[in-house]
Amino acid sequence: MAWFKRKDKGIQTPTEAKRDTPKGLWYKSPTGKVIDTEELEKNFYVSPEDGYHVRIGSNEYFEILFDDNKYKELDTKLESKDPLKFVDTKKYPDRLKAAKEKTKLKDAVRTAVGKSKGNDLVVACMDFSFIGGSMGSVVGEKIARAADYSLKNNIPFMIISKSGGARMMEAALSLMQLAKTSAKLAQLAEAKIPYISLCTDPTTGGTTASFAMLGDINISEPGALIGFAGPRVVRDTTGKELPEGFQTSEFLLEHGFLDFISHRKNLKDKVNQYIDLVLNQPLR
């Protein structure tokens, strides 16, 4: 019983000798499942217990999509300004500075070109960790420039949306990005260059009202929240109870808003399979 009972009294451990469990060893999913973080990473950041797709950022998506995680990032120096001198609980420049320090990102989207299953692919991936993935002038400009790169080099284009909507600190300037990105995607369509839209959790607001739903093929991850306004706003506006699973990717697939839902481990294969089919080239 010595394992369970302390035989000697008065034993004290100095503070410097105490050891805490390092943070980040485990991840707990919303359903209560606890997963080792290394196992989670090896499983494409999807809980093997319940299939829950953990929110990830551009670094992880680039690693999944690009061969050997090799790519060239585009327009790395673009940063937001404050032409409206916006202030809410803090000044917009201060909010931007805090977000940059916390996330080590310049803004809420990164764009890159690289090989995916041997062929070139341009990817614009949003980062929710940067002010909720909000779409401001830089997001719109980087997506437009990435579309131009695809157009100039005849390379398929993919956008991974993960956003709370337009950035309120830029007001009408952020709303202008809906039109700008949509116009660029129309140019891709005229040039018959494939555009794939991947909606991840969450895809809401201005992103849904523009590029997120304009893909030649619109796909999603399981369980993602996709909509213009949130469920609470819709419920309060309509005064009606919403169907079960409203605005989940499964609900949207059933009602024709999505073409298919892909598990993250199959994403690279599915995207490139579609590109091969639409371009009438041999399947890789």
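Scroll up to find the structure this text is about.
Residues numbered from 1 in each chain as written. Predicted model: local features only at pLDDT ≥ 70, side-chain atom pairs only at ≥ 80, totals over all residues. Heavy atoms only, no water.

**Student:** Tell me what's going on with the overall build of the protein, and back it up with residues and numbers.
**Tutor:** A count of helical and extended segments in the protein gives eight helices and nine strands. Its C-alpha atoms give the protein principal-axis dimensions of about 80 × 50 × 45 Å. Out of the 284 residues belonging to the protein, those deemed buried represent 42%. Within the protein, contacts between residues separated by at least 24 positions form 66% of all contacts whose residues are at least 6 apart in sequence. Summing over all exposed atoms, the protein offers an accessible surface of approximately 15,900 Å²; the carbon and sulfur share of this is 53%. Across the protein, the 43 positively charged side chains and the 38 negatively charged ones have centroids separated by 5 Å. (Helix = DSSP H or I, 4+ residues; strand = E, 2+ residues; numbered from the N terminus. Buried < 20%, exposed > 50% of the residue type's maximum accessible area, 1.4 Å probe, protein only. Contact = heavy atoms within 4.5 Å. Areas by Shrake-Rupley, 256 points an atom, 1.4 Å probe, with all protein chains shown as cover. Lys, Arg positive; Asp, Glu negative; His and termini not counted. Charge placed at Lys NZ, Arg CZ, Asp CG, Glu CD.)

**Student:** Hey, could you go over the packing of aromatic side chains for me, with residue numbers and the actual values?
**Tutor:** Under the definition given, this model contains five aromatic pairs. When the centroid spacing of 5.5 Å and the interplanar angle of 50° are considered together, the rings of Phe62 and Phe66 count as tilted. Exposure remark for Phe62: the relative accessible area of 0% places this residue in the buried category. The rings of Phe62, Phe66 and Tyr71 are connected pair by pair, giving a single aromatic cluster. Positioned above the aromatic ring of Phe260, the side-chain terminus of Lys270 is 5.6 Å from the ring centre. (Phe/Tyr/Trp six-rings, centres within 6.5 Å; stacked < 30°, edge-to-face > 60°. Lys NZ or Arg CZ within 6 Å of the ring centre and 35° of its normal.)

**Student:** Tell me about the pattern of salt bridges, residues and numbers included.
**Tutor:** Here the structure, examined in full by the defined rule, presents 17 salt bridges. One salt bridge in this structure joins Asp75 and Arg145, with 3.3 Å as the shortest N-O distance. Of this pair, Asp75 sits in the loop between strand S3 (71–74) and helix H3 (92–103) while Arg145 sits in helix H4 (residues 137–153), and the two are 70 residues apart along the sequence. For Arg145, a relative accessible area of 35% puts it in the partly exposed group. Close ionic contact of Asp276 with Arg284 constitutes a salt bridge, the shortest N to O distance being 2.9 Å. (Salt bridge = Lys/Arg side-chain N within 4 Å of Asp/Glu carboxyl O.)

**Student:** Provide a residue-level description of a nonpolar patch on the surface, including the pertinent values.
**Tutor:** On the surface, Leu25, Trp26 and Val34 cluster together to form a nonpolar patch covering roughly 320 Å² of accessible area. Relative to the helices and strands, Leu25 is located in the segment before strand S1 (26–28). (Patch = residues over 30% accessible without salt bridge, like charges linked within 9 Å, V, L, I, M, F, W, Y side chains within 5 Å.)

**Student:** Account for unusual backbone geometry, naming residues and giving values.
**Tutor:** Most peptide bonds adopt trans geometry, and most residues besides glycine take a negative phi value. Cis geometry is adopted by the peptide bond preceding Pro202, which originates at Asp201 and carries an omega value of -5°. At Lys85, a residue that is not glycine, the phi angle is positive and equals roughly 50°. Mapped onto the elements, Lys85 comes out in the loop between S3 and H3. On the basis of relative accessible area, Lys85 is assigned to the exposed category, the value being 64%. Backbone geometry at Ala171 places phi at a positive 45°, although glycine is not the residue there. Looking at the element boundaries, Ala171 is found in helix H5 (residues 171–190).

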